[in-house]
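Listed here are the chains, written in short residue letters.
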Amino acid sequence: MGVPQWLDASFFGVLGLLIGSFLNVVIYRFPVMLEAQWKAECAELAGKDTAPAKKFNLAVPRSRCLKCGHQIRWFENIPVLSYLFLCGKCSGCAAPISLRYPLVELASGALFFYCGWKWGLTPSALVWSGFGATLLALGFIDWDTTLLPDDMTLPLLWAGLIAAALQWTSVTLPAALWGAVAGYVSLWLVYWGFKLVTGKEGMGFGDFKLFATLGAWFGWQALVPIILMASVIGAIVGIAMKFSSALREGGYVPFGPFLAGAGLTAMFFGADAILRFVGL
């Protein structure tokens, strides 16, 4: 007798909650780590002596309250439950804890639950869970910092090609390969066309790589519906932010979160559903 479907899904859901807690660390710390690395490299190239920096990575130091420095204890770091138990406040200084933390954990848990439900305890469920978790982190990082780190997008692109080669996704390797090529080249052409006409940069190089990554996971056939959905939702959000005076300095809205959102939608509902969503 096989393992019940709900048991596979529940296992993945709990795993997703734990991964979601880690994603919160990645979203906050990884851009800080990159900035420190860039500063150190610039100082080295300039021939300047730099004092050894305090160790700061995804594991060290332990999580603390950003306001009072209270070290988060293990029972204050249980996904979702700790937030509810603490009533959304630091136990040290009662400063409010961002609602984003439990929402990221819940989103990750839901992604993993879905993968466990659809694919069971299989390599396909594992790779799609990893895909969803990485997209979730990339979307928030880009929203916060306008960065789409190569250290995350490029491994995810290769993972899509490898998964296709091992038949862990429904995309053939040729479709995945040409999806990666077409994804990168298409936005690269848009970037240079916009720059030649306006003299401005309409997007970053990270967007090319993320779109190439989505092509590797879904195949070249899915690129049009994915870019359509990302563009439509991005335009709606951008217009809403403009009218509410919520745009950042320079009036830009990062495109990566909408690409990531369209990729997650394609994972859940398929590319054809995106075309129906945008009315095509």
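Since we're looking at a predicted model, the values are computed, not measured.

Peer 1: Which parts of the structure should I look at to understand a nonpolar patch on the surface?
Peer 2: Taken together, Leu177, Trp178, Val181, Val185, Trp188, Leu189, Trp192, Phe205 and Trp220 make up a surface patch of nonpolar side chains, about 890 Å² in accessible area. Turning to its location among the elements, tryptophan 188 is positioned in helix H6 (residues 173-198).

Peer 1: Hey, could you run me through the environment of tryptophan 220 in this one?
Peer 2: Relative to the helices and strands, tryptophan 220 resides in the loop between helix H7 (205-218) and helix H8 (223-243). Assessed through its relative accessible area of 48%, tryptophan 220 is described here as partly exposed. Sequence separation of tryptophan 220 and tryptophan 192 is 28 residues, and the distance between their C-alpha atoms is 21 Å. Apart from residues no more than four positions distant in its own chain, tryptophan 220 is found in contact with Ala175, Trp178, Gly179 and Gly215.

Peer 1: Would you explain the pattern of salt bridges in this entry?
Peer 2: Two side chains bearing opposite charge may form a pair once their charged atoms approach each other closely. All chains considered together, the criterion is met by 5 salt bridges. Between lysine 39 and glutamate 35 there is a salt bridge, and its shortest N-O distance comes to 3.5 Å. Taken together, the positions of lysine 39 and glutamate 35, both in helix H1 (residues 5-45) and 4 residues apart, correspond to about one turn of that helix. For glutamate 35, a relative accessible area of 41% translates into the label partly exposed. Arginine 100 is the salt-bridge partner of aspartate 144, the closest N and O atoms lying 2.7 Å from each other. Here aspartate 144 is found in helix H4 (residues 123-145), whereas its partner arginine 100 is found in helix H3 (residues 100-119), with 44 residues between them in sequence. Its relative accessible area of 38% is what places aspartate 144 among the partly exposed residues. Look at arginine 100 and you get partly exposed, because its relative accessible area is 24%.

Parameters and conventions
Residues numbered from 1 in each chain as written. Predicted model: local features only at pLDDT ≥ 70, side-chain atom pairs only at ≥ 80, totals over all residues. Heavy atoms only, no water. Patch = residues over 30% accessible without salt bridge, like charges linked within 9 Å, V, L, I, M, F, W, Y side chains within 5 Å. Areas by Shrake-Rupley, 256 points an atom, 1.4 Å probe, with all protein chains shown as cover. Salt bridge = Lys/Arg side-chain N within 4 Å of Asp/Glu carboxyl O. Helix = DSSP H or I, 4+ residues; strand = E, 2+ residues; numbered from the N terminus. Buried < 20%, exposed > 50% of the residue type's maximum accessible area, 1.4 Å probe, protein only. Contact = heavy atoms within 4.5 Å.

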